Amino acid sequence: MPLEIVATFKITEKTTIVVANGTILDFEPSNPETAAIINAANPTCIADFISGKDLLEQFVQQAGGERLLAARLEIPLCEGTEQIRCEVGDAKILGPNKFGKLPTHFIVDAVGPNYIEYPFDEYEDVDELLMSAYGSSLERCKEKNVTEVACSLMSCETRGKRSLKQVLALGISALGYWAQENPDTVLASIIMCAPTEREATKIIECGKKLGLTPEEEKGQTPEEEKTE
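Residues numbered from 1 in each chain as written. Predicted model: local features only at pLDDT ≥ 70, side-chain atom pairs only at ≥ 80, totals over all residues. Heavy atoms only, no water.

Points about unusual backbone geometry
Following Gly95, the chain continues into Pro96 via a peptide bond in cis, with omega recorded as 10°. Position of Pro96 among the secondary structure elements: in the loop between β4 (91–94) and β5 (106–110). Non-glycine residue Asn145 carries a positive phi angle of around 55°. With respect to the helices, strands and loops of the structure, Asn145 is situated in the loop between α2 (123–143) and β6 (148–151). The phi torsion at Ser155 lies on the positive side, around 65°, for a residue other than glycine. Residue placement: Ser155 occurs in the loop between β6 and α3 (164–181). Residue class for Ser155 comes out buried when judged on its relative accessible area of 9%. (Helix = DSSP H or I, 4+ residues; strand = E, 2+ residues; numbered from the N terminus. Buried < 20%, exposed > 50% of the residue type's maximum accessible area, 1.4 Å probe, protein only.)

Spelled out as structure tokens, the structure:
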């Protein structure tokens, strides 16, 4: 089932943030060869099938098949570690390649922070890591001339004492800031994929508080929006 657009925010003349119901696996890009999905990964960049956590990450790896797993295993380990391929607050991009049943030829593994692992008095620094994970993801897309991207919501399940609205506000702020700082980017569409209407509603509320005016288009798919 394709993503369902709930609202759009025009950030610059070239770049729009889209809020949509669904997951990155529901993304149907106009051109898979110049599109990416941003997966909320753990630092190993390998899905954890043992703990039973992060189900979407497991679904992404299953859909990507052996080719995605092989590409992830080729990501160099961070210096001094035995399993870490991506530091918290950073992102790695894979592709171009046809990764199994995944909808795009580029895959970004971004690592947001687990707030539970940090004391509350360090949360402002942790907030910076979350915003960095979003920003780094778009930087990786910029390096590959990606034109449209569907993004998972990061740190929502590991937000500790932060509210859901707080971590979503950091997410849309980071994406919007990046777009404003890169007005000449070819990245035209950044889709924030909200798994439920609860997240979608809160993202829209956060956008309004940032001074953005949403154009509500509930019921449209991203493809329908482009053809109008």
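Examining the layout of surface pockets
When its volume is computed, the largest pocket comes out at roughly 940 Å³. As for the largest pocket, its lining consists of 33 residues, and the residues nearest its centre are Ala40, Asp54, Ser155, Glu157 and Thr158. Those elements that provide at least two residues to the lining of the largest pocket are β3 (35–40) and α1 (55–73). Sorting elements by how many residues they give to the lining of the largest pocket places α1 first, with 3 residues. Its residues placed into classes, the lining of the largest pocket shows 16 nonpolar, 10 polar and 7 charged. (1 Å grid on protein atoms, 1.4 Å probe; cavity = no way out; pocket = protein on both sides within 12 Å on 5 of 7 lines; lining within 4 Å. Points joined across faces, edges and corners; volume = space filled by probe spheres on them. Nonpolar A, V, L, I, M, F, W, Y, C, P; charged D, E, K, R; others polar.)

A short note on the packing of aromatic side chains
Summed over the entire model, instances satisfying the criterion amount to 2 aromatic pairs. For the pair Tyr115 and Tyr123, a centre-to-centre distance of 5.0 Å together with 75° between the ring planes defines the contact as edge-to-face. Judged by relative accessible area, which is 0%, Tyr115 ranks as buried. Measuring from centroid to centroid gives 4.9 Å for Phe120 and Tyr123, while their planes differ by 55°, and the two rings are tilted. Overall, the relative accessible area of 4% leaves Tyr123 in the buried class. By way of ring pairs, the aromatic residues Tyr115, Phe120 and Tyr123 are connected into one cluster. (Phe/Tyr/Trp six-rings, centres within 6.5 Å; stacked < 30°, edge-to-face > 60°.)

Some remarks on the environment of Ile191
With respect to the helices and strands, Ile191 occurs in strand β7 (residues 189–194). Each C-alpha atom, one on Ile191 and one on Leu175, is 10.0 Å from the other, the two residues being 16 residues apart in sequence.

With respect to the packing of α3 against helix α4 (residues 197–209)
Packing of α3 against α4 brings their axes to within 9 Å, and their N-to-C directions diverge by 60°. On the basis of the axis angle, α3 is oblique to α4. By crossing handedness, the relation of α3 to α4 is classed as right-handed. Every residue of α4 that contacts α3 at Leu164, Lys165, Leu168, Ala169 and Ile172 is listed here: Arg198, Glu199, Lys202, Ile203, Glu205, Cys206, Gly207 and Lys209. In the contact of α3 with α4, the residues fall into 6 nonpolar, 1 polar and 6 charged. (Axes fitted to C-alpha atoms, helices over the stretch in contact; angles between N-to-C directions. Parallel < 35°, antiparallel > 145°, perpendicular 65-115°, else oblique. Left-handed = near helix turned anticlockwise from the far one by under 90°. Contact = heavy atoms within 4.5 Å.)

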